[in-house]
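Examination of the molecular architecture
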Amino acid sequence: MHHFQSICLESPLAGPRLIVTGAVHGNEVCGTQAIRRLVAEFERGERRLARGRVTFVPITNPLAYQKGERNGDRNLNRRLRACDQPKDFEDHIANWLCPLLAQHEVLLDLHSFQAQGQPFVMVGPEDNEGALQPFRHAAKELALAKVLGVQRGVDGWLQTYAEGVHRRRAWAVSLAPEVAATVDLDEAYGVGTTETMRALGGWALTLECGQHADPQAPEVAYRAIINTLLHLGLIEGEAPPVQSMAGLSLVTVQDKAHADDQFVKPWVSFDRVRAGELIGHHQDGRAVYAPHDGAIVFPNPKARAGQEWFYLARDTERFR
């Protein structure tokens, strides 16, 4: 039986309440390594919490972590919500994790990615009162994003994913029954840790620290945690420098229609594409072209049928 672990440090002085999560996906271990390194520094007395509270979750999905795979029974970072009748292991995680998130106001969620590429940070929407993801902490997220130490920011996740679900519903009826049964058509499928944190009234960032096996990814994660603690005043020290970043807004998600769909080349996140440029081929020979100028994000040649194959994004000045 797997167990859940969180490590909470709390100062007698009031301050921000931060939670830092690693290994939401079991094969993304840079956050786990960085968290354990920093917790050891606190335990040895090399660091001290000046105010507030910080909670570390080194392994958010212990089943996936033990397997060394992205998922345990399913993808924890899709359709994250507490439920009365848990059916899979990720449901049990959600019943533990969602109340823990609710005890905090800021989340830093540490990830890595499949293809080669440079680290980047994902932020939520602009302040809005819309039905999909109403929000009022955009300025706080952006300010923190600019001190994490990465050179690129991305937004537009939930809107893009919601539109992708609607498209998926339209074509899922044409899939083979055994494939259609694995396609998630739930509108909440795009809701993960950061979306849950925002829905609870807090604010959150997803930091993609590099490719899974990149030896620098744990260092990127470690430095980002330190900079977050400094930025929030949870530890004492010189404020991290604020930097302008290149920015992209996600606008399209393309699912794999068949497991044998193929890219025309080994795409890397943020590779530029031109409208009409050939990206790949479906198993039945149909070509996949870029519908507009922009960049590829999260290309995943190992995606299963009915799962995200790649995203397309447009440039934005939001992070300047």
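Summary of the structure given here. (Residues numbered from 1 in each chain as written. Predicted model: local features only at pLDDT ≥ 70, side-chain atom pairs only at ≥ 80, totals over all residues. Heavy atoms only, no water.)

1. Topic: the overall build of the protein chain
To be explicit about the condition: A helix here means a DSSP run of H or I that spans at least four residues, while a strand means a run of E at least two residues long, and both kinds are numbered starting from the N terminus. Atoms considered for the radius of gyration are the C-alpha atoms alone. The globule rule reads 2.2 Å times the number of residues to the power 0.38. Relative accessibility under 20% of the residue-type maximum defines a buried residue, over 50% an exposed one, and the middle range a partly exposed one, all with a 1.4 Å probe and only protein chains included. Exposure was quantified through the Shrake-Rupley algorithm and a 1.4 Å probe, taking into account, for residues, occlusion by the shown protein chains and nothing else. We treat Lys and Arg as the positive residues and Asp and Glu as the negative residues; His and chain ends play no part in the count. Lysine's charge is taken at NZ, arginine's at CZ, aspartate's at CG and glutamate's at CD.
Check the secondary structure of the protein chain and you find eight helices and 14 strands. Scaling as 2.2 N^0.38, a compact globule of 320 residues should have a C-alpha radius of gyration of about 20 Å, and the protein chain matches this with 19 Å. In the protein chain, which comprises 320 residues, the share counted as buried stands at 54%. When the accessible surface of the protein chain is split by element, carbon and sulfur atoms take 50% of a total near 14,200 Å². The average position of the 34 basic charges and that of the 39 acidic charges among the side chains of the protein chain differ by 2 Å.

2. Examining the packing of aromatic side chains
Rule in force here: In this scheme Phe, Tyr and Trp rings, the latter by its six-membered ring, pair at centre separations within 6.5 Å, and the angle between planes marks the pair as stacked below 30 degrees, edge-to-face above 60, and tilted otherwise.
One pass over the structure, following the stated rule, counts 12 aromatic pairs. Aromatic side chains Phe-42 and Phe-56 sit 6.5 Å apart centroid to centroid with 45° between the ring planes, which places their arrangement in the tilted category. Of this pair, Phe-42 sits in helix 1 (residues 30-43) while Phe-56 sits in strand 3 (residues 53-57), and the two are 14 residues apart along the sequence. Residue class for Phe-42 comes out buried when judged on its relative accessible area of 12%. Exposure remark for Phe-56: the relative accessible area of 0% places this residue in the buried category. A centroid spacing of 6.0 Å and a plane angle of 75° characterise the contact between Phe-298 and Tyr-311, whose relative ring orientation is edge-to-face. Taken together, the residues span a long stretch of sequence, with Phe-298 in the loop between strand 13 (294-297) and strand 14 (308-316) and Tyr-311 in strand 14 at a distance of 13 residues. Considered together, Phe-298 and Tyr-311 belong to a single accessibility category, that of buried residues. Put simply, the rings of Phe-113, Phe-120, Trp-157, Tyr-161, Phe-270, Phe-298 and Tyr-311 pair up and form one aromatic cluster.

3. Focus: the pattern of salt bridges
Here is the rule: Salt bridge criterion: a side-chain nitrogen from Lys or Arg within 4 Å of a carboxyl oxygen from Asp or Glu.
Counted under the stated rule, the structure contains 19 salt bridges. Glu-46 is paired through a salt bridge with Arg-44; the nearest N and O atoms lie 2.7 Å apart. Ionic pairing is found between Glu-126 and Arg-318, a salt bridge with its closest N-O pair at 3.5 Å. One end of the pair, Glu-126, is in the loop between strand 5 (120-122) and helix 4 (138-145); the other, Arg-318, is in the segment after strand 14, and 192 residues separate them in sequence. The network of salt bridges with shared partners includes Arg-37, Glu-41, Arg-47 and Glu-219.

4. Observations regarding helix 8 (residues 217-231)
Residues three or four positions apart in an α-helix share a direction because the helix packs 3.6 residues into each turn. Defined as follows: What a helix is expected to span follows from its residue count: subtract one and scale by 1.5 Å. Any two residues whose heavy atoms approach within 4.5 Å at even a single point are treated as in contact.
Along its 15 residues, helix 8 runs 21 Å from first to last C-alpha, staying within 8% of the 21 Å computed at 1.5 Å per residue. Taken together, the buried positions of helix 8 are Ala-217, Pro-218, Ala-221, Tyr-222, Ala-224, Ile-225, Ile-226, Asn-227, Thr-228, Leu-229 and Leu-230. Check the buried side of helix 8 and you find it contacts strand 2 (17-21), helix 1, strand 3, strand 4 (106-113), helix 4 and strand 7 (203-211). A positive backbone phi angle near 75° is found at Gly-233, which sits one or two residues after helix 8.

5. Observations regarding the sheet that holds strand 9 (residues 262-263)
Worth spelling out the cut-off: A pair of strands is treated as paired once DSSP finds two or more bridges between them.
Strand order across the open sheet formed by three strands is 9-11-12, with antiparallel pairing between neighbours. Of all the strands in the sheet, the pair left with one neighbour each is strand 9 and strand 12 (287-289). Direction of pairing for strand 9 relative to strand 11 (residues 278-281): antiparallel, over a ladder of two bridges. Bridging across to strand 11, Gln-262 finds its partner in His-281.

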